[in-house]
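What follows is each chain in one-letter form.
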Amino acid sequence: MEPVITRFPPSPTGSLHIGGARTALFNWLFARHHGGRFILRIEDTDVARSTEASIKAILDAMEWLELDWDEGPYYQTARLDIYREYLRKLLDSGHAYFCDCTPEELEKRRKEAMAAGRKPKYDGRCRDRGLGRGPHRVVRFRVPDSGTTVLNDLIKGPIFFENAELDDLVIERSDGIPTYNFAVVVDDVTMNISHVIRGDDHVNNTPRQILIYQALGIRLPFFAHVPMILGEDRTRLSKRHGATSVMAYKEMGYLPEALINYLVRLGWSHGDQEIFSRSELVEYFRLEDVGKSPGVFNPEKLLWLNAHYIKERSAESLVPVLRPFLDQRGCSAKSDGYLAEAIRTFQPRVHTLVEMADAMRVYFVEKVELDPAAAGKFLTEAMEEPFERLISAIEQMEDFRQESLESVFQQILNDMGLKFGKIAQPVRVALTGGTVSPGLFEMMGVMGKEAVLDRLKRGLEYIRSR
RNA sequence: GGUCCCAUCGUCUAGUGGCCUAGGACACUGGCCUCUCACGCCGGAGACAGGGGUUCGAGUCCCCUUGGGACUACCA
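Here the residue numbering is sequential within each chain, running from 1 through the sequence in written order. Lettering for chains starts from A, numbering for ligands starts from 1, and both go in the order in which the items are written. Under the rules for a predicted model, residues below a pLDDT of 70 receive no local features and side-chain atom pairs below 80 are neither given nor counted, while totals for whole chains, interfaces and linings still include all residues. Computation of side-chain values covers all heavy atoms of the structure but excludes hydrogens and water.

Enquirer: Go over the packing of helix H17 (residues 420-432) against helix H18 (residues 440-447), please, and point to the residues and values.
Expert: Axis geometry follows a simple rule: fit a line to the C-alpha atoms, using only the stretch in contact for helices, then measure angles between N-to-C directions, giving values from 0 to 180 degrees. Each helix corresponds to a stretch of at least 4 residues labelled H or I by DSSP, and each strand to a stretch of at least 2 residues labelled E; elements are numbered beginning at the N terminus. Two numbers describe how H17 lies on H18: the axes approach to 11 Å, and their chain directions differ by 35°. For H17 against H18, the interelement crossing comes out left-handed. Two secondary-structure elements touch here, H17 through Phe 420, Ala 424, Val 427, Arg 428, Leu 431 and Thr 432 and H18 through Leu 440, Phe 441, Met 443, Met 444 and Met 447. Per-class residue counts for the contact of H17 with H18 are 9 nonpolar, 1 polar and 1 charged. Left-handed describes a crossing in which the near helix is turned anticlockwise from the far one by less than a right angle; the clockwise case is right-handed. Working rule for contacts: check all heavy atoms of both residues, and any pair within 4.5 Å makes them a contact. The residue classification treats Ala, Val, Leu, Ile, Met, Phe, Trp, Tyr, Cys and Pro as nonpolar and Asp, Glu, Lys and Arg as charged. All others, Gly included, are polar.

Structure (C-alpha cells):
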C-alpha cells in the first residue's frame, strides 16, 4: 500500500467557510487515520480575486480548528514553471492546442447555440488550425470525441461520462496562468496525492481531469466526492443562510471542538454515536461511512454540541478562551482563579461563550440594578426581618464558605419558621437584580462576603423604602 | 435546456433481504428533580416520496415517475 497523502486546496477568495472546513476535516482525518500526510495548498490562480487577507483568514481558521498540515502551504502562483512543463508535454503530444477565439465571440456562439437548441459547448473551431503561441491566445485540451470516461468514486461508486458531452476546456489562460482543472491535476500528480477528497460540486470536473491524467500517461489517484452542505432552504450553503465562515463561529462564542464534532457528523456517522473526541475521530474515520446525500446545516444542533462541550471542559481551561469576550464587555479585573469559580456556576446554563460573558456581568457590577417587576414582587416588607437577620449573621461569619453559609441560612429559617423557598427568590433578586441565576450558595461563594453583604443591604434599603 | 448526483422522523442519521412493531441525536412536548433558570433523568409525538417489478420475504435489489441538488467560465 502506497502512503496516503491528502490535501486541502482552498482558493483564497474569502474566509474559510463551513463547507470548506468539513472538506479539510475529512482530508485531515483520513490522512491521520492512515498515518499519512496532509498537505495545504493555496489555489490562487484566480489572480483577480485572490487576496492576502483571505490567505491569512484561512490559515487562522485552520489553526483554530487544529487542522495541522504536514506540508505547505504551497502556492500555485509560485509553481508556474511546473505547469508550463506539463503543458509542453500536452502540446507536444497533440493533446492540447492554441485557440484565439475571444471571450466575446465564445459568449456569442454560446448564446446562439442555446437559442438554436444545441449544446452551448466549445465548437472546436481552433482544434486543427495549428496555431502557435501568441498574444490573446489560450491553450485548450483536446477531449476525445467519443468513448466513455469512468470515475470510480470511493463514496458514490462508478460514474460514467460520455466524452462527447465534454468540450475542449481551456487549460492555460491568455495571461499564461493555468486554469483550475489543469493546475489541480499537475499539483496532485507532483505532490503524489493518493486520495482526492473534495465536495461533490467537483464531480462534473473530474472526467476532464481524468482525461488529462490519461493524456499525461499518469496513474489516477483515488477520488472521493463528499456531498454538499445545504442551507435551510436546501440550496447550497451561502452567506444568505447566515453565518457561514468558521471564524464567525469563533466570534459567536463557539468552541472549536463543538464545530468539529458538528461538522464531522454532517455526512459521516459511526453507528449511533454523537459525541467524539479528536482521537476517536482519527480512529473511526472511514470513507465507507460517509453518506451520499447532501445535508442541511442545522445551527440548533451545533448549539447543543457547544453547550455540551462548555459543560465538559474544565472551568480553568475556559478562562483563557472566555477572557476576550469579557474584555469586550469591560469585565477584566478579576483573577483567573476567581473567573474559574464564576465560570463553574454558569457552565450548565449557557450555550456559548457570548452567553457566558453576558451572564458573568452579575459578578462584575458594582451596584446591582434591581429589575422593577422582580423587586416589586419579591422584596416585600415581609422580607425585612429575614434580611436583617441574614445580614447580621453573615457579618459575624468567620469562614465565608458555601457549607457554612447554608447552615447560617438554615438556622435563621428554623428560628423564623420559614421555608427556604420563601426567601430564595428575594435573596436572588437582591444579589443579582433578577429572578434567574445560578444556585444561591454557589453564587455567594464566588461573590465573597463583602459583595454579598453589600447587595443584601441594598436590598434591605429597597424594602424599607417602599 | 444538457450532463451528473441524491432521496428513512422538521433536521442530522442507524439500517447493506428476514434481528424493523424502523433505532439514536437535535428541536418540540408531558413528567420527575428543585431556591429560580438551566443541567440531569424518565416518557410522548414524529419518517422508509409515489408506482411498478425481483423474491417465500423488501427501508434494504432493479426500473419508471416525482422531488431536490450540483455543474454547465480564460472561477475554484
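Enquirer: Outline the sheet that holds strand S2 (residues 37-42), listing residues and values.
Expert: A strand pair is defined by DSSP finding two or more bridges across the two strands. Taken in spatial order, the 3 strands of this open sheet run S1-S2-S3, and their pairing is parallel. Both outer strands of the open sheet, strand S1 (5-8) and strand S3 (71-75), are each paired with one neighbouring strand and no more. Strand-to-strand twist in this sheet, taken as the mean axis angle between neighbours without regard to direction, amounts to 25°. Docked against the sheet, helix H2 (residues 52-64) engages S1, S2 and S3, running at close to 160° with respect to S2.

Enquirer: Explain H18 residue by residue, including any values.
Expert: Residues that lie three or four places apart on an α-helix share one face, since the helix turns once every 3.6 residues. Burial runs high along H18: 6 of the 8 residues are buried. Of all the residues in H18, the buried ones are Leu 440, Phe 441, Met 443, Met 444, Val 446 and Met 447. The inward-facing, buried residues of H18 contact helix H12 (336-346), helix H16 (402-416), H17 and helix H19 (449-465). Just downstream of H18, Gly 448 is the residue with a positive phi angle, here 95°. Burial classification: accessible surface area is computed with a 1.4 Å probe over protein chains only, and a residue below 20% of its type maximum counts as buried, one above 50% as exposed, and the rest as partly exposed.

Enquirer: Outline the protein's contact with RNA strand B, listing residues and values.
Expert: Put simply, a residue is near a molecule or strand once any heavy atom of it comes within 4 Å of that molecule or strand. Among the 58 residues in the neighbourhood of RNA strand B, the closest are listed as Thr 45, Arg 173, Gly 267, Arg 349 and Ser 437. Backbone atoms, meaning sugar and phosphate, form 70% of the atoms of RNA strand B found within 4 Å of the protein. Two N or O atoms form a polar contact when they lie within 3.5 Å of each other; inside protein one atom must be a possible hydrogen donor and the other a possible acceptor, and for residues adjacent in sequence the pair counts only when both atoms belong to side chains. Contact distances for RNA strand B include 2.5 Å between a phosphate oxygen and a backbone N or O atom of Gly 267. Contact distances for RNA strand B include 3.0 Å between a sugar or linking oxygen and a backbone N or O atom of Thr 435. Taken together, the residues of the surface near RNA strand B break down into 20 nonpolar, 18 polar and 20 charged.

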